[in-house]
Amino acid sequence: MSVTSATKRKRVTIITEAAIEGRLLDDVEKLGAHGYTISEARGKGGRGVRSGSWGPSANIRVEIICDDATADKIMRHLWDHYYNDYAMILFAHDVEVLRPEKF
């Protein structure tokens, strides 16, 4: 398989509070995400420094690769249901994948 056969998809990245992980993942699956990757996230931003300790006060980074329509649904839902009440950063950008049927 060559890179020239890559297909465009969106990568939606969510950085948010670990305390809402279960609810958030239920929502993104219901909105059409076929899968996701979760990792610990540490850093500093408008709400101060987030430590590296894993637990309810930690942050997570959730990455979802999906089609444009699913990305739009996920981002709109998160904006409407989470953005005002939780520390959350949300962004998306185009990526190229080699097995588009997985996404």
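The structure this text deals with has already been given above.
Overview of the structure. Just so it is clear, the structure is predicted and the values come from calculations on it, not from any experiment. (Residues numbered from 1 in each chain as written. Predicted model: local features only at pLDDT ≥ 70, side-chain atom pairs only at ≥ 80, totals over all residues. Heavy atoms only, no water.)

### Some remarks on the overall build of the chain
Next up, step 1: When you go through the chain residue by residue, the secondary structure sums to 2 helices and 6 strands.
Next up, step 2: Scanning the chain from its N terminus toward the C terminus, one meets helices and strands in the order β-α-β-β-β-β-α-β.
Next up, step 3: For the chain, the proportion of its 103 residues judged to be buried stands at 32%.
Next up, step 4: Carbon and sulfur atoms make up 48% of the accessible area of the chain, which totals about 6,500 Å². (Helix = DSSP H or I, 4+ residues; strand = E, 2+ residues; numbered from the N terminus. Buried < 20%, exposed > 50% of the residue type's maximum accessible area, 1.4 Å probe, protein only. Areas by Shrake-Rupley, 256 points an atom, 1.4 Å probe, with all protein chains shown as cover.)

### Some details on the pattern of salt bridges
Next up, step 1: Within this structure, the stated rule accounts for 5 salt bridges.
Next up, step 2: Close ionic contact of Lys 10 with Asp 94 constitutes a salt bridge, the shortest N to O distance being 2.6 Å. With Lys 10 in strand E1 (residues 7-17) and Asp 94 in strand E6 (residues 88-97), the pair connects residues that are 84 residues apart, well separated along the chain.
Next up, step 3: On the basis of relative accessible area, Lys 10 is assigned to the partly exposed category, the value being 21%. (Salt bridge = Lys/Arg side-chain N within 4 Å of Asp/Glu carboxyl O.)

### Re helix H2 (residues 68-81)
Every α-helical turn comprises 3.6 residues, leaving residues that sit three or four positions apart pointing alike.
Next up, step 1: Look at H2: 20 Å from first C-alpha to last across 14 residues, which is about the 20 Å you get at 1.5 Å a residue.
Next up, step 2: Looking only at H2, the buried set comprises Thr 70, Ala 71, Ile 74, His 77 and Leu 78. Here the buried residues of H2 occupy an arc of 135° about the axis, which is enough to place them on one side. In H2, those exposed residues whose orientation departs by more than 90 degrees from the buried face are Arg 76, Trp 79 and Asp 80.
Next up, step 3: On its buried face, H2 is in contact with E1, helix H1 (21-30), strand E5 (59-66) and E6.
Next up, step 4: The backbone nitrogen of Ala 69 lies 3.3 Å from a side-chain oxygen of the residue at the head of H2, namely Asp 67. (Expected span 1.5 Å × (residues − 1). Arc of directions from axis to C-beta. Contact = heavy atoms within 4.5 Å. Polar contact = N/O pair within 3.5 Å; in protein donor to acceptor, adjacent residues only side chain to side chain.)

Limitation: the analysis is restricted to geometry and does not speak to function.
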